[in-house]
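Per-entry structural report
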Amino acid sequence: MAEKSGSPYQELLPGLVTVQQHIIANQRRHAEATGEFSFLLSGITIATKVLASKVRKAGLVDIFGATGEQNVQGETVQKLDRMANDLLMHCIGYRRSVGALASEENETVVDLTETGRTGKYLVLFDPLDGSSNIDVNIPTGTIFSILVRPERGEWQQGGDVHTEILQPGLKQVAAGYVLYSSATTLVYTTGNGVHQFVLDPEIGAYVLVAERLQVPARKKVYSVNEANSGTFPKEVQDYLAWTKTEAAGYSSRYVGSFVADFHRILMQGGLFLYPPTAKAPSGKLRLMYEANPMAFLIEQAGGAALDGPQRILEKTPKKLHERTPLYIGSKGEVAILQAFLQGKGAPPA
Ligand code: P6P
């Protein structure tokens, strides 16, 4: 289980700690923080609280099923997808510190600077990852990543958010997700550790449950869609064959909803794999608003994230919706897979 360390904020925040309080206490440590970020984050928390209540009622109210439209990814848009996207666009876009928004559901960046906005934050999100699972009550999630516009003196002078947003994951100032499951849990980092909150429906607040989460270095559990293994790279097939040996002794867990699979690994350790396949030669998961935020979180928690040869956070995106192969989880488990990818084969017994 991820270790929980003593809160460095406890002296500031005795007793019940909400995510807003936590962000403000966090910001007190950074003189330049102006409270803009905590107001920005409140846009995400309010939108996801509303979404959590809708997800809980899926089936009771007419939000099951598809809208009949396709998104930029060529995927069928679920009714809740559309609702989640509209909610996040509205609640985050309302914050004047935001200069642009990007979503899995929108083909291009929503440029708020066109309206004379001078916000420095660039917010990217997957509004409802795993939404195809909604109709069968499998957990889904919202993933977000926050960048800032490059320094250019006066924000309004020059610059184009459509290109400025194409920054490597190392430039993220914050990232996180909300998992809509048996509990609604929010996990975020601003580069100062990974912190977990649970939505208390009785008070309508995300309440701190763990700070500075650390993912276990080893855990013999892998998470992959084995149906695709016939067209995985041979080195990945060799890794999976090894995990099934008695000596290796691995188990397998796969929800098919990235946020749920990732959260289990953050809490208990393991390795999530989405390798290149014949159907998805560049992998399926998107770099900017799925792989990058989760890579930021896992590295802050002591884990690792690769696309194969490269660290995810060092990849410079060429396109907003580009996909990437993804191997993410416990540092020791990623290292074993990496050895297979480098042709070094299995670790010594
Ligand atoms: P597959 C959901 O559609 C998603 O984008 C991720 O949440 C999930 O990890 C992945 O696709 C599952 O893909 O090919 O195994 O169905």
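This text follows the structure it describes.
Keep in mind that what you see is a predicted model, and the values were worked out from it rather than measured.

Conventions adopted
Residues numbered from 1 in each chain as written. Predicted model: local features only at pLDDT ≥ 70, side-chain atom pairs only at ≥ 80, totals over all residues. Heavy atoms only, no water. Helix = DSSP H or I, 4+ residues; strand = E, 2+ residues; numbered from the N terminus. Buried < 20%, exposed > 50% of the residue type's maximum accessible area, 1.4 Å probe, protein only. Contact = heavy atoms within 4.5 Å. Areas by Shrake-Rupley, 256 points an atom, 1.4 Å probe, with all protein chains shown as cover. Patch = residues over 30% accessible without salt bridge, like charges linked within 9 Å, V, L, I, M, F, W, Y side chains within 5 Å. Salt bridge = Lys/Arg side-chain N within 4 Å of Asp/Glu carboxyl O. Phe/Tyr/Trp six-rings, centres within 6.5 Å; stacked < 30°, edge-to-face > 60°. Lys NZ or Arg CZ within 6 Å of the ring centre and 35° of its normal. Axes fitted to C-alpha atoms, helices over the stretch in contact; angles between N-to-C directions. Parallel < 35°, antiparallel > 145°, perpendicular 65-115°, else oblique. Left-handed = near helix turned anticlockwise from the far one by under 90°. Nonpolar A, V, L, I, M, F, W, Y, C, P; charged D, E, K, R; others polar. Near = heavy atom within 4 Å. Polar contact = N/O pair within 3.5 Å; in protein donor to acceptor, adjacent residues only side chain to side chain. Pairing = 2+ DSSP bridges.

1. Details of the overall build of the protein
Per the secondary structure count, the protein includes 8 helices and 15 strands. Across the 349 residues that make up the protein, the buried fraction comes to 55%. For the protein, the proportion of contacts with a sequence separation of at least 24, taken over those separated by at least 6, is 64%. Surface exposure of the protein reaches about 14600 Å², of which carbon and sulfur atoms provide 52%.

2. Re a nonpolar patch on the surface
A contiguous nonpolar surface patch, about 210 Å² in accessible area, is contributed by Val136, Ile138 and Val255. Along the chain, Ile138 turns up in the loop between strand 5 (121–129) and strand 6 (140–148). Judged by its relative accessible area of 30%, Ile138 is partly exposed.

3. A closer look at the pattern of salt bridges
Once the charged atoms of two side chains with opposite charge are near each other, the side chains can pair. Under the counting rule described, the total for this entry stands at 10 salt bridges. Salt-bridge contacts for Lys244 lead to Glu226; the nearest nitrogen and oxygen are separated by 3.2 Å. Taken as a pair, Lys244 in the loop between helix 5 (234–243) and strand 12 (251–252) and Glu226 in the loop between strand 11 (221–223) and helix 5 lie far apart in primary sequence, 18 residues in all. Residues participating in the shared-partner salt-bridge network are Glu104, Arg286 and Glu290.

4. Points about helix 8 (residues 331–341)
For helix 8, the full list of buried residues reads Gly332, Glu333, Val334, Ile336, Leu337, Ala339 and Phe340. The inward-facing, buried residues of helix 8 contact helix 5, strand 13 (271–274), strand 14 (304–306) and strand 15 (326–329). Remark: Gly343 follows helix 8 within two positions and exhibits a positive phi of approximately 80°.

5. Observations concerning the packing of aromatic side chains
If you walk through the whole model with that rule in mind, you get 10 aromatic pairs. Between Tyr177 and Phe262, the aromatic rings sit 5.7 Å apart at their centres with planes inclined by 85°, giving edge-to-face as the arrangement. Highlighted residues: Tyr177 in strand 7 (residues 174–180) and Phe262 in helix 6 (residues 258–268), separated in sequence by 85 residues. The class for Tyr177 is buried, based on a relative accessible area of 0%. Their ring planes at 45° and their centres at 6.1 Å tell us that Tyr239 and Trp242 sit as a pair that is tilted. Here Tyr239 pairs with Trp242, and both are found in helix 5, just 3 residues apart, close to one helical turn. Tyr239 sits in the buried class, given a relative accessible area of 0%. A residue is classified by how much of its surface remains accessible, and Trp242, at 16% relative accessible area, is buried. Directly above the aromatic system of Phe39 lies the positively charged group of Arg95, at a separation of 4.2 Å from the ring centroid.

6. A closer look at the packing of helix 2 (residues 36–57) against helix 3 (residues 79–93)
For the pair helix 2 and helix 3, interaxial distance at closest approach is 8 Å and the crossing angle is 155°. Here helix 3 runs roughly antiparallel to helix 2, going by the angle between their axes. For the crossing formed where helix 2 meets helix 3, the hand is right-handed. Contact residues: helix 2 offers Leu40, Gly43, Ile44, Ile46, Ala47, Val50, Leu51, Lys54 and Val55, while helix 3 offers Leu80, Met83, Ala84, Leu87, Leu88, Cys91 and Ile92. Broken down by class, the residue content of the contact of helix 2 with helix 3 amounts to 14 nonpolar, 1 polar and 1 charged.

7. Quick look at the site of the ligand
In the neighbourhood of the ligand, the contacting residues comprise Asp129, Gly130, Asn225, Tyr254, Gly256, Ser257, Phe258, Phe272, Tyr274, Lys284, Leu285 and Arg286. Contact between the ligand and Asn225: an oxygen atom at 2.9 Å from a side-chain N or O atom of the residue. Relative to its free-state accessible area of 400 Å², the ligand is covered by the protein chains to the extent of 82%.

8. Points about the side chain of Asn292
By the element assignment, Asn292 lies in helix 7 (residues 287–300). Non-local contacts of Asn292, meaning those with residues more than four positions away in its chain, are made with Gln167, Pro168, Gly169, Gln172, Leu287, Ile312 and Leu313.

9. Brief notes about the environment of Tyr94
Here Tyr94 lies in the loop between helix 3 and strand 3 (98–103). Taking the C-alpha atoms as reference, Tyr94 lies 9.9 Å from Leu112; in sequence the two are 18 residues apart.

10. Focus: the pairing of strand 10 (residues 205–210)
Sheet faces and side chains relate simply in a regular strand, where the side chains alternate between the two faces. In terms of burial, strand 10 is largely enclosed, as 5 of its 6 residues are buried. Of the pairings in the sheet, the one linking strand 9 (residues 194–200) to strand 10 comprises 5 bridges and is antiparallel in character. By the bridge assignment for strand 10, Val198 is matched with Val207. Joining the antiparallel neighbours strand 9 and strand 10 is a turn of 4 residues, in which Gly204 adopts a positive phi near 65°.

11. A look at the sheet that holds strand 15
With respect to topology, 5 strands assemble into an open sheet ordered 12-11-13-15-14, the strand pairing being mixed. At either end of the open sheet lies a strand with only one pairing partner, and these are strand 12 and strand 14. As defined by bridge partners, strand 11 adjoins strand 12 across 2 bridges and the pair is classed as parallel. Within strand 12, the position partnered with Tyr222 by the bridge is Ser252.

12. As for the sheet that holds strand 3
Taken in spatial order, the 8 strands make up an open sheet running 4-3-5-6-7-8-9-10, and their pairing is mixed. Among the strands making up the open sheet, the edge pair consists of strand 4 (110–111) and strand 10. Judged from the 7 bridges that link them, strand 5 and strand 6 form a sheet pairing that is antiparallel. In the sheet register, Asp129 faces strand 6, and the bridge partner there is Gly141. Relative to the sheet, helix 2 contacts strand 3, strand 5, strand 6, strand 7, strand 8 (184–189), strand 9 and strand 10, its axis offset from that of strand 6 by approximately 165°. Against the sheet, helix 6 makes contact with strand 5, strand 6, strand 7, strand 8 and strand 9, and its axis sits at roughly 105° relative to strand 7, the strand it touches most.

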